[in-house]
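The chain contents come next:
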Amino acid sequence: TRAIALVFISTDCPIANSYQPLLRRLTKQYEQHGIQFFMIHPNPELTTNAARRHADEFNIESPVVVDTDQQISRRVEATVTPQAFVFVREQKSPAYQGRIDNLHAGYGKKRNMATTHELADALDAVIAGRAPKKSKTEAVGCYISYSK
């Protein structure tokens, strides 16, 4: 594994759910280059069965992690779903964190098509052994609620 991509998702976020077909394609495209995707559910109330149903409904093929104690979410400081983090082997800080692309200009503001593809660009840079041009972007989606 050259790098891992953590993508924070939610069963009830329409923006996160709308990205599942693209995430499936990215997973297939980049796994041959040593990139392992993980879908992370940051909801402390989500059951394993509900996560399985969600994975079946949206054909999620990547490993799904139910982060019920929110340790992963807190550690990377995830704020919304969907939000992506790319970690390169032997580095503590993410090489990239933020949106998947710019399809959503804001909550309720969707473009006809994405014109930038930050997650794919970051993964291409990692494969080429470079740092991504953009290491951080603002993700748009449904806010993650942290338990006390």
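Remember, predicted model here, so these are calculated numbers, not experimental data.

Visitor: I keep staring at empty space enclosed by the protein and nothing clicks. Help me out?
Guide: With a probe scaled to a water molecule rolled over the atoms, the places where space remains empty come into view. Evaluated as defined, the whole model comprises 2 cavities of 30 Å³ or more. Its volume calculated, the largest cavity comes out at about 60 Å³. Per-element tally for the lining of the largest cavity: the top contributor is helix H2 (residues 20-31), with 5 residues. When grouped by side-chain class, the residues that make up the lining of the largest cavity number 3 nonpolar, 4 polar and 3 charged.

Visitor: Looking at this model, I keep getting lost on the pairing of strand S2 (residues 35-41). Mind explaining?
Guide: Remark: a regular strand shows side chains that alternate across the two faces of the sheet. Most of S2 sits inside the fold, with 5 of its 7 residues counted as buried. Sheet topology places strand S1 (residues 3-8) next to S2; 6 bridges connect them, and they run parallel. Paired with Leu6 across the bridge in S2 is Phe38. Handedness of the S2-helix H3 (residues 48-57)-strand S3 (residues 64-66) crossover: right-handed.

Visitor: Just checking my understanding: could you explain the pairing of strand S5 (residues 83-88) for this structure?
Guide: Of all 6 residues making up S5, 6 are buried, and the element is well covered by its neighbours. What you see with S5 is no split at all: Gln83, Phe85 and Phe87 on one side and Ala84, Val86 and Val88 on the other are buried throughout. Note: S1 against S5, 6 bridges, orientation antiparallel. Within S5, the residue paired with Ala3 across the bridge is Val88. Examined bridge by bridge, S5 and strand S6 (residues 96-98) share 3 bridges and lie antiparallel to one another. Directly across from Val86, in S6, lies its bridge partner Tyr96.

Visitor: Looking at this structure, I do not really get the environment of Arg74. What am I missing?
Guide: Locating Arg74 in the fold gives a position in helix H4 (residues 71-76). We classify Arg74 as partly exposed; its relative accessible area is 40%. Along the sequence, Arg74 and Tyr146 sit 72 residues apart, while their C-alpha atoms lie 8.3 Å from each other. Those residues within four positions of Arg74 in sequence are excluded, and the remaining contacts are Asp69, Tyr146 and Ser147.

Visitor: Would you mind going over the nonpolar core with me for this structure?
Guide: Of all hydrophobic cores here, the largest spans 31 residues; its most connected members are Val7, Leu23, Leu26, Ile35, Phe37, Val86 and Leu119. At 5 residues, helix H5 (residues 118-127) tops the list of elements feeding residues into this core. Each residue touching Val86, except ones within four places of it in the same chain, is listed here: Ala3, Ile4, Ala5, Pro94, Ala95, Tyr96, Leu119, Leu123 and Val126. Of all hydrophobic cores here, the second largest spans 8 residues; its members include Leu6, Ile40, Ala78 and Ile144.

Visitor: What's the story with H2 in this structure? I'm lost.
Guide: In an α-helix, one turn spans 3.6 residues, which is why side chains three or four residues apart end up on the same side. Taking 1.5 Å per residue, 12 residues should reach 16 Å; H2 reaches 16 Å between its end C-alpha atoms and fits that length. Within H2, burial applies to Gln20, Leu23, Leu26, Thr27 and Tyr30. The buried residues of H2 occupy one face: seen down the axis, they fall within an arc of 115°. Where the residues of H2 are buried, they touch S1, helix H1 (14-18), S2 and H5.

Visitor: Can you help me understand the state of the cysteines in this one?
Guide: By definition, a disulfide links the sulfur atoms of two cysteines through a covalent bond. Evaluated as defined, the whole model comprises 1 disulfide. Between Cys13 and Cys142 runs a disulfide, and the two sulfur atoms are separated by 2.2 Å. Taking the torsion about the sulfur-sulfur bond, which here is approximately 80°, the covalent link between Cys13 and Cys142 counts as right-handed. With Cys13 in the loop between S1 and H1 and Cys142 in strand S9 (residues 142-143), this pair connects stretches of sequence that are 129 residues apart. Across the pair, exposure class does not vary: Cys13 and Cys142 are buried alike.

Criteria and thresholds
Along each chain, numbering runs from 1 in the same order as the chain's sequence is written. For this predicted model, a pLDDT threshold of at least 70 governs which residues receive local features, and a threshold of 80 or more governs which side-chain atom pairs are given and counted, while totals over whole chains, interfaces and linings are taken from all residues. The side-chain figures draw on all heavy atoms in the structure; neither hydrogens nor water molecules are used. The method works on a 1 Å grid over the protein atoms by themselves. A cavity is a set of points holding a 1.4 Å probe that cannot get out, a pocket is an open set with protein on both sides within 12 Å along at least five of seven lines, and residues with an atom within 4 Å of a point line them. Grid points are joined across faces, edges and corners, and a volume is the space filled by probe spheres set on the points. Working definition: helices are DSSP H or I runs of at least four residues, strands are E runs of at least two. Numbering for both runs from the N terminus. Lys, Arg, Asp and Glu make up the charged group, whereas Ala, Val, Leu, Ile, Met, Phe, Trp, Tyr, Cys and Pro make up the nonpolar group; the residues left over, Gly among them, are polar. Burial here depends on accessible area, computed with a 1.4 Å probe over protein chains only, as a share of the maximum for the residue type. Under 20% is buried, over 50% is exposed, and the range in between is partly exposed. DSSP calls a pair of strands paired once it identifies at least 2 bridges connecting them. Here, the term right-handed applies to a crossover whose path from the first strand over the helix to the second runs clockwise when the strands point away from the viewer. Here, two residues are considered to be in contact whenever any of their heavy atoms come within 4.5 Å of each other. To form a nonpolar core, buried Ala, Val, Leu, Ile, Met, Phe, Trp, Tyr and Cys residues must be joined to one another through side-chain atoms within 4.5 Å. Between the first and last residue of a helix there are one fewer steps than residues, each counted as 1.5 Å, and that sum is the expected span. Think of it as the arc spanned by the lines of direction from the helix axis to the C-beta atoms. Only a pair of cysteine sulfur atoms within 2.5 Å counts as a disulfide in this structure description.

Any functional reading would require information that these geometric values do not contain.
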